[in-house]
Each structure stands twice: as structure tokens, then as C-alpha cells.
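Architecture at a glance
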Amino acid sequence: MLHFMKIRQLSACVAFLRGQTVGVSGNGNGNVITASRLMSSKTYNVPPSSEFVARVSGIATMTKLPYQDTAEGLDAAFIGVPIDTGTSNRPGTRFGPRQIRAESFLLRNYSGTGAAPYESMMVADIGDVNVNLYDLKDACRRIREAYRKVVATGCIPLTLGGDHTIAYPILQAVAERHGPVGLVHVDAHADTGDMSLGEKITHGTPFRRCVEEGLLDCKRVVQIGLRGTAYTPDAYAWSREQGFRVVRVEECWYKSLVPLMAEVRAQMGKGPVYLSFDIDALDPAFAPGTGTPEIAGLTPIQGLEIVRGCRGLNLVGCDLVEVSPPYDTTGNTALTAANLLFEMLCVLPKTKHY
Ligand SMILES: [Mn+2]
């Protein structure tokens with residue numbers, strides 16, 4: 001952590017001595033922090049600009065943020081959960097967090113929306129949950145316990161997955177603190193199965209388990225982008241029976257999702273909301289690096305519209321799951337995931353907007 005802070009302060013100092021400003025935006029909107037302001041604002045972590053620090057240098061943390069061991073003192077934290085033990089098809093999501101961090105180095109500090117997360121929140125990368133790769137139930141226990149500690153500090157977790165199983169233990173910890181939460185679930189699949197091969201815990205079952213344990217406020221759940229072949233004529237009947245709103249991908253084709261998100265915000269109201277984004281919601285042409293791809297999915301534009309449309313919600317946690325680097329030959333799936341995670345940071349309640 002010192003390493004990062006020193007670099008930031010050194011680059012600010014050099015610029016200060018030269019009487020220059022330290023650009024940390026690069027978005028062309030004139031959003032720059034002057035050197036003196038950066039020198040005096042010790043309150044927030046600011047990733048170094050590639051104007052001063054080589055983009056490819058340093059240890060791979062999310063967006064080159066400082067690393068710290070715990071969530072203490074943070075408003076939001078990036079956390080990796082590197083498992084693929086729950087996958088039903090192609091494995092590889094255990095490598096997701098590392099690859100997302102590697103590709104995140106292209107990210108800068110302001111969104112195109114004018115969001116300035118590092119001017120109003122203390123954010124860091126707090127590393128990975130020490131999962132059990134051989135025992136999924138024990139992995140869930142470890143994830144739940146790790147997230148209990150994170151949310152106990154008031155920090156909002158932004159999770160780098162990992163297969164979708166992880167949403168279940170994360171939501172156990174989140175609901176323990178906040179009560180039953182609303183859920184914006186973006187996915188090709190409903191992930192509401194009961195059992196697979198006799199097992200209750202897989203990446204196809206997390207939201208069924210969440211409902212059974214009362215972790216979700218079912219009238220405030222929306223599932224967006226659902227598609228693909230099924231084993232029954234109406235694969236989403238169970239979701240609707242719980243009170244979920246189901247938005248099949250066919251309802252999203254050829255459209256902006258801005259109007260849908262206005263409805264979603266009305267549905268979610270003021271209560272706590274969790275955002276779970278499975279990268280397979282996007283079309284495999286854009287995001288091939290995933291375990292269970294389904295054709296005719298959402299575009300990255302629609303993905304951004306969904307995440308940006310969550311601005312104003314009382315978000316208490318977010319995840320981006322199912323990135324499988326072995327199938328991501330260009331790195332673009334992980335790059336897209338990194339961008340979506342940054343946009344999630346940009347819509348957290350405390351984020352400043354220009
Ligand atoms: Mn999923």
C-alpha cells in the first residue's frame with residue numbers, strides 16, 4: 001500500500017514543483033485535481049495516472065488501487081472470489097479475478113458519465129477470499145465469513161468472480177446485515193435450479209437457496225437477459241411464482257434499456273439492493289470467456305445501460321461473475337468485466353458526480 005501512496009504523492013510532488021496540474025481524469029471534461037489538492041487530500045486513495053506511472057507496472061490490483069488486508073476504513077472494496085468448483089460446463093472462473101485485475105489497468109479514474117468515485121469514497125483492493133477449491137460447501141462457509149467481516153465495517157463489496165455459486169454466501173452475509181435485499185440479476189440463466197447431480201449448491205442454484213433462506217425481498221427482484229434452451233416449456237415459472245420480474249432477452253433485443261431501468265428503479269424503491277451481473281448475460285461475441293455461453297445476448301452498451309441505470313439505488317453490494325480466462329483469448333471478456341465493475345463503483349450511493 002505504501003508503494004502506491006508513495007508513487008501517487010511523488011508524482012503529485014513532481015508536478016507541484018513544476019507548477020503543473022496532475023491530470024487524473026483523461027475524460028476531456030476538464031475534471032482535473034490540482035497537485036496541491038492531491039497533496040492535501042489524504043482522505044481517499046487515487047490510482048496513479050498513466051501520465052506518471054507506467055500502466056503495465058506494479059502488482060496487479062484492481063484499477064491499480066492500493067491493496068489492504070481488511071475492509072477497515074473503506075467505503076467500497078474490490079474483492080476476488082476465485083472459484084469454479086460450482087460450474088456445470090466449461091471451468092476456468094477460478095482465474096477470473098486475476099485476469100480482471102490485469103485488464104483493469106486500462107481503466108482511468110472518471111467514468112464517461114462524470115462519476116468521480118475516487119473523489120468521494122475510500123476504495124481499495126482487499127485481495128481474494130481464501131477459498132477451498134476442493135469442497136464447495138466449505139468454500140461457501142469461507143466466503144460467508146469473509147463477507148460478514150467486510151460488511152460489518154460498513155464497506156460495500158464489489159466482487160470479482162468466480163462462478164455464480166458465490167452470490168449465495170455473499171448474500172447470506174449481506175442480508176444478515178441489511179435484511180432481505182432487492183436484487184438486480186443480469187444473466188443468461190435464472191440460476192434458480194433446485195439440484196444438479198444431487199447437489200444443492202452449484203452455480204445454477206444460488207438464487208433458489210437465497211429465496212429459501214429469506215435473503216431476498218422477492219417483490220424487488222428483477223432478472224434481465226434470460227435466454228437459452230430449457231428442460232421445461234417455461235423455465236422461468238418458478239421465478240415468477242416467487243414474485244420476481246423476469247425480463248427475457250427477447251424483450252431487450254433492438255432496444256435501449258434506459259426505459260427498463262427506470263421501471264427497475266421504481267420497483268427497487270429505497271430499500272437495500274444487490275447487483276449481480278453474470279458476464280454471460282452479454283452475447284458470447286462480446287464476452288466469449290465464460291463457462292455457459294448462450295447466443296443472442298445483451299450488448300456491452302445494454303450492459304452499461306443496466307449498471308448506469310442503477311444510479312440512485314441503495315446499492316449494498318455488487319458482483320461480476322463467470323469470467324473464464326481460458327476461453328477469453330483476446331482478454332476482452334475480462335476487460336469488459338473490469339469496466340462493468342468500475343461502472344458499478346460509479347453508481348454507489350456515495351459517488352460524486354460532475
Ligand atoms: Mn449466472
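An unreviewed UniProt entry annotates the protein chain as Agmatinase originating from Ameiurus melas. Per UniProt, the protein chain carries the Sequence similarities (unreviewed entry) text "Belongs to the arginase family. Agmatinase subfamily."

**Things to note about the UniProt feature "binding site: Mn(2+)" (unreviewed entry) in the protein chain**
Per the UniProt record, "binding site: Mn(2+)" (unreviewed entry) is found at His 164, Asp 187, His 189, Asp 191, Asp 278 and Asp 280. Spanning 117 residues, the annotated positions come together in the fold, the maximum distance between their C-alpha atoms being 12.0 Å. Residue position: Asp 187 is located in the loop between strand 7 (181-186) and helix 6 (206-212). Judged by the 26 C-beta atoms lying within 10 Å of it, Asp 187 falls in the buried class. If near-sequence neighbours (up to four positions away) are discounted, Asp 187 is found in contact with Gln 223, Gly 225, Leu 226, Asp 278, Asp 280 and Ala 281.

**A look at the packing of helix 3 (residues 96-103) against helix 10 (residues 332-345)**
Look at helix 3 against helix 10: their axes get within 8 Å of each other, and the N-to-C directions meet at 80 degrees. When the axes of helix 3 and helix 10 are compared, the pair comes out roughly perpendicular. Contact residues: helix 3 offers Gln 99, Ile 100 and Glu 103, while helix 10 offers Ala 334, Leu 335, Ala 337, Ala 338 and Leu 341. Per-class residue counts for the contact of helix 3 with helix 10 are six nonpolar, one polar and one charged.

**Description of the pairing of strand 10 (residues 272-278)**
Here is the key point about a regular strand: its side chains alternate between the two faces of the sheet. Of all seven residues in strand 10, seven are buried; the element is thus mostly enclosed. Side-chain alternation along strand 10 places Pro 272, Tyr 274, Ser 276 and Asp 278 on one buried face and Val 273, Leu 275 and Phe 277 on a second face that is also buried. Summarising the sheet, strand 7 and strand 10 pair through five bridges and their orientation is parallel. From the neighbouring strand, Val 186 faces strand 10, where its bridge partner is Phe 277. Sheet topology places strand 10 next to strand 11 (residues 314-321); seven bridges connect them, and they run parallel. Bridging across to strand 11, Tyr 274 finds its partner in Gly 317.

**Describing the environment of Gly 269**
Tracing the backbone through its elements, the reader meets Gly 269 in the loop between helix 8 (258-268) and strand 10. Considered as a pair, Gly 269 and Gly 312 are 43 residues apart in the sequence and their alpha carbons are 9.4 Å apart.

**A short note on the sheet that holds strand 7**
Strands sit in the order 5-3-6-11-10-7-8-9 across an open sheet of eight strands; the sheet is parallel. Across the chains shown, the open sheet's two edge strands, defined by having one partner strand only, are strand 5 (123-128) and strand 9 (245-248). Direction aside, neighbouring strands of the sheet carry axes that sit 15 degrees apart on average. Of the pairings in the sheet, the one linking strand 7 to strand 8 (residues 216-226) comprises five bridges and is parallel in character. Within strand 8, the residue paired with Val 184 across the bridge is Val 222. Along the sheet, helix 8 contacts strand 7, strand 8, strand 9 and strand 10; its crossing angle with strand 8, the most-contacted strand, is approximately 165 degrees.

Here is what the cut-offs are and how they apply
- Residues numbered from 1 in each chain as written.
- Predicted model: local features only at pLDDT ≥ 70, side-chain atom pairs only at ≥ 80, totals over all residues.
- UniProt positions renumbered as here; feature names shortened; annotations may be inferred.
- Helix = DSSP H or I, 4+ residues; strand = E, 2+ residues; numbered from the N terminus.
- Buried ≥ 20, exposed ≤ 12 C-beta atoms within 10 Å, placed from the backbone.
- Contact = placed C-beta atoms within 7 Å.
- Axes fitted to C-alpha atoms, helices over the stretch in contact; angles between N-to-C directions.
- Parallel < 35°, antiparallel > 145°, perpendicular 65-115°, else oblique.
- Nonpolar A, V, L, I, M, F, W, Y, C, P; charged D, E, K, R; others polar.
- Pairing = 2+ DSSP bridges.

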